[in-house]
Amino acid sequence: SSFDLEVKEKKIQIEHQLLRLKKSIKILNDKRNHILPALKKDIESHLVNLGMPYANFMAAINVSDSYHKFGNTSISFLFSANRGGELLEVSKVASGGELSRLMLAIKYISATLSEVDILVFDEIDIGVSGEIAALMGKMMQEISKSTQLIAISHLPQIASKADEHLKVVKSVIGIETVSNVKNLDKQARIEEIAKLLSGKEVTSEAFENARVLLSQ
């Protein structure tokens, strides 16, 4: 007998909650829009330091009529590596090396604000080498001051920046492949970095270069 009344009361409650939701979303979106210019400036500044002087980055907020646990928006990362280039979605325009550097810049900024205790970079340095790899290694060092960082890498410029150097070794025992992890001492680190520098045949120059990298 009270069905119509209960339905009316529920509709009023829903409208009340919807108003609260919209107010909360406005506060959230205002904060997001307020921080985006600073985020853009920070990321582009780090990209300059990583050898991309003309990089252009923007986080675009797209508002929808539907609601989810992050509000009523989706966020697109737009990027251009070249002067005058059109801003397009990162997945459509960034090369492997550009994507690696952009990801590192974002992680560098978020590491100081995140409550995550450990970061794992699985070959975040793909597509880079030489001076850029060395710059990325220095940024990883900075991140490690506040957050434990584990980096899987094949670049000597990255490996030489670590406090600890672990080598993964695979071996075949019977019909199984077994992986072991070795913690390398100073001499073993020199040898492994020299291998990364030389390839199959390790030269005396590579050993010397490895020592120089580890001393930097």
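In this text the structure is predicted, and so the values were computed from the model without any measurement. (Residues numbered from 1 in each chain as written. Predicted model: local features only at pLDDT ≥ 70, side-chain atom pairs only at ≥ 80, totals over all residues. Heavy atoms only, no water.)

### Some remarks on the pattern of salt bridges
Inspection of every chain in the model, using the stated rule, returns six salt bridges. When the shortest N-O distance is used, the salt bridge between Glu-142 and Lys-145 registers 3.0 Å. What makes Glu-142 partly exposed here is its relative accessible area of 37%. Here Lys-167 and Glu-192 are joined by a salt bridge, their closest N and O atoms 2.8 Å apart. (Salt bridge = Lys/Arg side-chain N within 4 Å of Asp/Glu carboxyl O. Buried < 20%, exposed > 50% of the residue type's maximum accessible area, 1.4 Å probe, protein only.)

### Observations regarding the sheet that holds strand 2 (residues 71-80)
Read across the sheet, three strands follow the order 1-2-3 without closing on themselves; strand pairing throughout is antiparallel. The two strands at the open ends of the sheet, each matched to only one other strand, are strand 1 (56-68) and strand 3 (88-89). Note that strand 1 and strand 2 share nine bridges and pair antiparallel. Note that in strand 2 the partner of Phe-57 across the bridge is Phe-79. Across the sheet, helix 1 (residues 3-49) is in contact with strand 1 and strand 2; its angle to strand 1 comes to roughly 165°. (Pairing = 2+ DSSP bridges. Helix = DSSP H or I, 4+ residues; strand = E, 2+ residues; numbered from the N terminus. Contact = heavy atoms within 4.5 Å. Axes fitted to C-alpha atoms, helices over the stretch in contact; angles between N-to-C directions.)

### Side note on a nonpolar patch on the surface
On the surface, Ile-118, Val-120, Ile-150 and Ile-152 cluster together into a nonpolar patch covering about 330 Å² of accessible area. Residue assignment for the nonpolar patch shows that the elements contributing at least two residues are strand 4 (118-122) and strand 5 (148-152). In this fold, Ile-118 is placed in strand 4. Note on Ile-118: relative accessible area 42%, which makes it partly exposed. (Patch = residues over 30% accessible without salt bridge, like charges linked within 9 Å, V, L, I, M, F, W, Y side chains within 5 Å. Areas by Shrake-Rupley, 256 points an atom, 1.4 Å probe, with all protein chains shown as cover.)

### So, the packing of aromatic side chains
For the coordinates displayed, the defined rule picks out one aromatic pair. For the pair Phe-57 and Phe-77, a centre-to-centre distance of 5.3 Å together with 65° between the ring planes defines the contact as edge-to-face. Highlighted residues: Phe-57 in strand 1 and Phe-77 in strand 2, separated in sequence by 20 residues. The buried category is assigned to Phe-57, whose relative accessible area is 1%. On the accessibility criterion, Phe-77 (36% relative accessible area) is partly exposed. (Phe/Tyr/Trp six-rings, centres within 6.5 Å; stacked < 30°, edge-to-face > 60°.)

### A few points about helix 6 (residues 186-198)
An ideal rise of 1.5 Å per residue puts 18 Å on 13 residues; helix 6 measures up with 18 Å between its terminal C-alpha atoms. Taken together, the buried positions of helix 6 are occupied by Ala-188, Arg-189, Ile-190, Glu-192, Ile-193 and Ala-194. (Expected span 1.5 Å × (residues − 1).)

### What about unusual backbone geometry?
Among all residues except glycine, the phi angle is most often negative; among peptide bonds, the trans geometry is most common. Here Glu-123, not a glycine, exhibits a phi torsion of approximately 55°, which is positive. Here Glu-123 lies in the loop between strand 4 and helix 4 (130-144). We classify Glu-123 as partly exposed; its relative accessible area is 27%.

Everything listed is a geometric property; what it means functionally is a separate question.
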